[in-house]
Amino acid sequence: MKVSVGVPLKVAFRPWVEGLENVPAEGPAILASNHLSFSDSFFLPAVLDRKVTFIAKAEYFTTPGLKGRMTAAFFKGVGQLPVDRSGARGAGEAAIKSGVEVLERGELFGIYPEGTRSPDGRLYRGKPGGLARVALATGAPVIPVAMIDTEKIQPPGKVMPKLMRPGIRIGEPLDFSRYHGMEHDRFVLRAVTDEVMYEIMKLSGQEYVDIYASAAKRRIAEEAKAEKQAEKQAQKARSSTK
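It should be emphasised that the depicted structure is a prediction, and the values quoted were computed from it without experimental measurement.

### Topic: the overall build of the protein chain
No. 1: Of the regular secondary structure elements, the protein chain holds nine helices and nine strands.
No. 2: A total of 242 residues make up the protein chain; the buried ones form 41% of that total.
No. 3: Across the protein chain, the fraction of contacts at a sequence separation of at least 24, relative to all contacts at a separation of at least 6, is 78%.
No. 4: On the protein chain, roughly 13400 Å² of surface is accessible, and the fraction owed to carbon and sulfur atoms is 55%.

Now the structure itself:
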């Protein structure tokens, strides 16, 4: 996949990278990135010599038929691990377990602390469970990463990507060994997560929003639904006056 996917991506989009030296040549590390686009999980591994393992929803691996098998093979090839998200707590525990296993093998584990893609290009509050618990349980350094302009290449709902240069800015590793053994302290988890998000904000230059991206998406969907209903009522009122 480094050749069949990574090379064409680099040739076609020519992503620029800063801070590549901050990724260790060997040993475990966590790459904690903002999340702007579906393509983030492909551009970041493409510019690194090492394999990066992310987690992905289980549906990508269980869809029946030829297309489903091809999709599953693709995601396995690019280093994605399936996680069942049918239950919020179960999904979180599965993600943590997967991350710990990857790091115990001495590999790179990629995670998006926001939990989902940003709905508007801003940086949202990090979720305190997965990232912080994996970091404290393993002692692996956390490397903040900022994806730049990837949302402009393939916005949600767009099939054909736009050819332009995205950027990847990699920060210096963060050491949280001072919190070793405190992975079940919710205040420590919050502090670790917020520190990582602050570093990502500095790298990306994004506006920070102190709510979860999932909540922002729900609010946007509700506003769009209310606007659509209001438009229908307005149309109905106009037609009744004719």
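### Concerning the nonpolar core
No. 1: If you look at the biggest cluster of nonpolar residues, it comprises 25 residues, and the most contacted ones within it are Ile30, Leu131, Leu136, Val142, Phe176, Val192 and Val196.
No. 2: Elements with a contribution of two residues or more to this core: strand 2 (29-33), helix 5 (88-104), strand 5 (108-111), helix 6 (130-138) and helix 8 (186-204).
No. 3: In this structure Val196 touches Ala32, Leu131, Val142, Leu174 and Phe176, once residues within four positions along its chain are discounted.
No. 4: The next biggest cluster of nonpolar side chains, apart from the first, holds 22 residues, and it includes Leu31, Leu44, Val47 and Met147.

### Description of the pattern of salt bridges
No. 1: Summed over all chains, the structure comprises 10 salt bridges.
No. 2: A salt bridge links Glu107 to Arg105, with the nearest nitrogen and oxygen atoms 3.3 Å apart.
No. 3: Because the salt bridges share partners, they merge into one network encompassing Asp120, Arg122 and Glu207.

### As for a nonpolar patch on the surface
No. 1: Residues Val3, Val7 and Val11 make up a contiguous nonpolar surface patch of roughly 290 Å² in combined accessible area.
No. 2: Topologically, Val3 is positioned in helix 1 (residues 2-13).

### Details of the packing of aromatic side chains
No. 1: Under the definition given, this model contains three aromatic pairs.
No. 2: Residues Phe54 and Tyr112 carry aromatic rings whose centres are separated by 5.4 Å and whose planes lie at 15 degrees to one another, so their mutual orientation is stacked. Of this pair, Phe54 sits in strand 3 (residues 52-57) while Tyr112 sits in the loop between strand 5 and strand 6 (123-124), and the two are 58 residues apart along the sequence.

### A few points about the environment of Tyr179
No. 1: As for its placement among the helices and strands, Tyr179 is situated in the loop between strand 8 (167-170) and helix 8.
No. 2: Distance from Tyr179 to Leu136, taken between C-alpha atoms, is 6.7 Å for residues 43 residues apart in sequence.
No. 3: Sequence-distant contacts of Tyr179, defined by excluding residues within four places in its chain, comprise Leu136, Val188 and Val192.

Definitions and limits used
Residue positions are given per chain, counted from 1 along the sequence in the order it is written. With the structure being a predicted model, the display of local features is reserved for residues of pLDDT at least 70 and the display and counting of side-chain atom pairs for 80 or more, all residues being used for whole-chain, interface and lining totals. Side-chain metrics rest on all non-hydrogen atoms present in the structure, leaving aside hydrogens and water. Starting at the N terminus, helices and strands are each numbered in turn, a helix being any DSSP run of H or I of at least four residues and a strand any DSSP run of E of at least two. Each residue's exposure class comes from its accessible area (1.4 Å probe, protein chains only) as a fraction of the maximum for that residue type: buried when under 20%, exposed when over 50%, partly exposed otherwise. Note on definitions: a residue-residue contact is assigned when non-hydrogen atoms from the two residues lie within 4.5 Å. A 1.4 Å probe and the Shrake-Rupley method give the accessible areas. Residues count as covered only by the protein chains that appear here. Think of a nonpolar core as a cluster: buried Ala, Val, Leu, Ile, Met, Phe, Trp, Tyr and Cys residues, connected wherever their side-chain atoms sit within 4.5 Å. Whenever a carboxyl oxygen of Asp or Glu lies within 4 Å of a side-chain nitrogen of Lys or Arg, that contact is scored as a salt bridge. Patches draw on residues past 30% relative accessible area with no salt bridge. Two like charges within 9 Å are joined, as are two nonpolar side chains (Val, Leu, Ile, Met, Phe, Trp, Tyr) within 5 Å. Each aromatic pair joins two rings of Phe, Tyr and Trp (for Trp, the six-membered one) with centres within 6.5 Å, and gets the label stacked for planes under 30 degrees apart, edge-to-face for over 60, and tilted for any other angle.

The values are spatial; any link to function lies outside them.
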